[in-house]
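Analysis of the macromolecular model
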Amino acid sequence: MKIKIAEDIASLNKAFTEWMKTILSQQEEITLALSGGSTPKSLFDYWAKHHATDIDWEKIKFFWSDERCVPPTDNESNYKMAKEHLFDRIAIPEEHIFRIYGENDPEKEAKRYAEVLKREIKTVNGIPSFDILMLGMGEDGHTASIFPLQIHLWDSEELCIVGTHPITGQKRISLSGKTINAAQNVAILVAGEAKADKVKEIIESKETAQKRYPAAKVSPTSGNLVWFMDREAAKKLAAEPYSF
Ligand SMILES: O=C1O[C@H](COP(=O)(O)O)[C@@H](O)[C@H](O)[C@H]1O
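A brief look at the structure comes next. (Residues numbered from 1 in each chain as written. Predicted model: local features only at pLDDT ≥ 70, side-chain atom pairs only at ≥ 80, totals over all residues. Heavy atoms only, no water.)

What follows deals with helix α4 (residues 106-120). Taking 1.5 Å per residue, 15 residues should reach 21 Å; α4 reaches 21 Å between its end C-alpha atoms and fits that length. Residues of α4 that are buried: E109, A110, Y113, A114, V116 and L117. For α4, the angular spread of the buried residues around the axis is 160°, confining them to a single face. Counted as exposed and oriented over 90 degrees from the buried face of α4: K108, K111 and R119. Buried residues along α4 sit against β3 (60-64), β6 (127-128), β8 (160-164), β9 (171-175) and α5 (177-180). (Helix = DSSP H or I, 4+ residues; strand = E, 2+ residues; numbered from the N terminus. Expected span 1.5 Å × (residues − 1). Buried < 20%, exposed > 50% of the residue type's maximum accessible area, 1.4 Å probe, protein only. Arc of directions from axis to C-beta. Contact = heavy atoms within 4.5 Å.)

Now the structure itself:
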């Protein structure tokens, strides 16, 4: 695991992009799973503004780590956010976008998306293995759409599961821990002071945190995990032995 601490969200976006470009430069094409939330929104804006032409977007096939069970036109939709902040602003072939159908019956859609992953993504030991998997972490320690109260879903045998938001009751479709930890390269992007307590617990008390927070269970078998965080999210870490 590596930890990269950026001064601010702009530097975080830059650091993640450089990391992604290195992986892109080594492969003919890559599969990339996006996440939703505020941190990726800022990243997508950054890409659209500064990297619309210097990244070969056609080399990338886009998937999602999770989706809210709403239509693609709903403001809650992770797909809608990516479309408005990225896809509408750069050249990406429509057939390279593999969205989760949040408007469908959740259980059926989780099964359908698992089939999409099996068909479109190379497998390692029978499990689809994304080249790059982007994750966020909620203030409660959730990642993708596996929430602390449903941490058992992490260990599902399925590739995709149906979670439920603990406050709103909104259904969500999410990659399971099995799929997340099979990815070749995983990046967790966290920004803001509100995440600082969980960041400290997860980084400094990993064993305890793994029993409580899905984000603490991210540990790809490839060993390639990078936490990209801004200084605010990192501010409660006891020491800072990490390079940027
Ligand atoms: O609900 C979600 O939240 C997490 C974290 O998002 P952020 O706004 O705190 O950056 C995100 O990773 C997930 O994809 C999304 O559905």
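In the vicinity of the ligand lie 15 residues, with G36, S38, D66, R172 and K195 positioned nearest. Within the side chain of R68, an N or O atom sits 3.0 Å from an oxygen atom of the ligand. G136 places a polar main-chain atom, nitrogen or oxygen, 3.3 Å from an oxygen atom of the ligand. Where the shell around the ligand is concerned, the elements lending two or more residues are α2 (38-50) and β4 (66-68). (Near = heavy atom within 4 Å. Polar contact = N/O pair within 3.5 Å; in protein donor to acceptor, adjacent residues only side chain to side chain.)

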